[in-house]
Amino acid sequence: SDDAILSKDLDGIVTSWNRRAEAMFGYRAEEMIGQPITTIIPAELHDDERRILGSIARGERIDHFETVRVTKSGERIEVSLTISPVKDEHGNIVGAAKIARDITERNKAERALRTSERLASVGRLAATVAHEINNPLEAVTNLIYLAKMNAVRKDVREYLAGAEEEL
């Protein structure tokens, strides 16, 4: 599978860990099986795990829950989780099966697209503002030119030349 597939009991202890989970999180199966799933959950998100286990214990399924996990190297990755209850032969819920998909690159691309769209919007606004400012300024520049041509006094021509330079 291209997705990490793992299972845990209702206490959050990992009971299975596939090869993709090894690649995604950096822990070998031998390192994770028997360990708490909170090993890969940032401390500030441990409450989410308690809520997830509570939902699973009630027989609920969790679809496409987007969150953050931490790899063995300490890198944070964005994941989409689908979690289903696991039942024993008597129908009792004994754990959870989890599929984790790394969505880090997808989310980066979406953020880059949103940034690009915002920049394009700002660019259009700037072009509109520049157009709205340049038209009256061009008219003032032309009027100063005409006034300079018709100005009789030297000081008036100097004032008009200064105004033209500033424009």
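Everything in this summary refers to the structure shown in the same document. (Residues numbered from 1 in each chain as written. Predicted model: local features only at pLDDT ≥ 70, side-chain atom pairs only at ≥ 80, totals over all residues. Heavy atoms only, no water.)

1. Comments concerning the overall build of the chain
No. 1: A tally of regular secondary structure across the chain gives five helices and five strands.
No. 2: Along its sequence from the N terminus, the chain presents helices and strands in the succession β-β-α-α-α-β-β-β-α-α.
No. 3: Taken over the C-alpha trace, the chain has a radius of gyration of 32 Å; the compact-globule value for 167 residues is 15 Å, which it surpasses by more than 25%.
No. 4: Each principal axis of the C-alpha atoms in the chain carries an extent, and together these give about 105 × 30 × 30 Å.
No. 5: Scored against the burial criterion, the 167 residues of the chain give a buried share of 29%.
No. 6: Sequence separation of at least 24 residues holds for 40% of the intrachain contacts in the chain that already meet a minimum separation of 6.
No. 7: About 10,800 Å² of surface is accessible on the chain, with carbon and sulfur atoms providing 54% of the total.
No. 8: Each charge class in the chain was averaged separately, 24 positive and 29 negative side chains, and the resulting centres sit 1 Å apart. (Helix = DSSP H or I, 4+ residues; strand = E, 2+ residues; numbered from the N terminus. Rg over C-alpha atoms; globule rule 2.2 N^0.38 Å. Buried < 20%, exposed > 50% of the residue type's maximum accessible area, 1.4 Å probe, protein only. Contact = heavy atoms within 4.5 Å. Areas by Shrake-Rupley, 256 points an atom, 1.4 Å probe, with all protein chains shown as cover. Lys, Arg positive; Asp, Glu negative; His and termini not counted. Charge placed at Lys NZ, Arg CZ, Asp CG, Glu CD.)

2. Notes on the sheet that holds strand β4 (residues 76-87)
No. 1: Taken in spatial order, the five strands make up an open sheet running β2-β1-β5-β4-β3, and their pairing is antiparallel. If you trace the sheet from one side to the other, it starts and ends with β2 (14-17) and β3 (62-70), each paired once. When the angles between neighbouring strand axes are averaged without regard to direction, this sheet yields 30 degrees.
No. 2: Of the pairings in the sheet, the one linking β3 to β4 comprises seven bridges and is antiparallel in character. Bridging across to β4, Phe65 finds its partner in Leu81.
No. 3: Against the sheet, helix α3 (residues 46-57) makes contact with β1 (4-9), β3, β4 and β5 (93-102), and its axis sits at roughly 150 degrees relative to β3, the strand it touches most. (Pairing = 2+ DSSP bridges. Axes fitted to C-alpha atoms, helices over the stretch in contact; angles between N-to-C directions.)

3. Observations regarding the pattern of salt bridges
No. 1: For the structure on display, the rule yields 15 salt bridges.
No. 2: Between Lys72 and Glu31 there is a salt bridge; the shortest N-O distance is 2.6 Å. One end of the pair, Lys72, is in the loop between β3 and β4; the other, Glu31, is in helix α2 (residues 29-32), and 41 residues separate them in sequence.
No. 3: Exposure remark for Lys72: the relative accessible area of 44% places this residue in the partly exposed category.
No. 4: The class for Glu31 is partly exposed, based on a relative accessible area of 25%. (Salt bridge = Lys/Arg side-chain N within 4 Å of Asp/Glu carboxyl O.)

4. Describing a nonpolar patch on the surface
No. 1: Judged by side-chain polarity, Leu125, Val129, Ile133, Leu137, Val140 and Leu167 come together as a nonpolar surface patch covering roughly 480 Å² of accessible area.
No. 2: Within the element layout of this structure, Leu167 appears in the segment after α5 (154-166).
No. 3: Residue Leu167 is classed as partly exposed on the basis of its relative accessible area of 42%. (Patch = residues over 30% accessible without salt bridge, like charges linked within 9 Å, V, L, I, M, F, W, Y side chains within 5 Å.)

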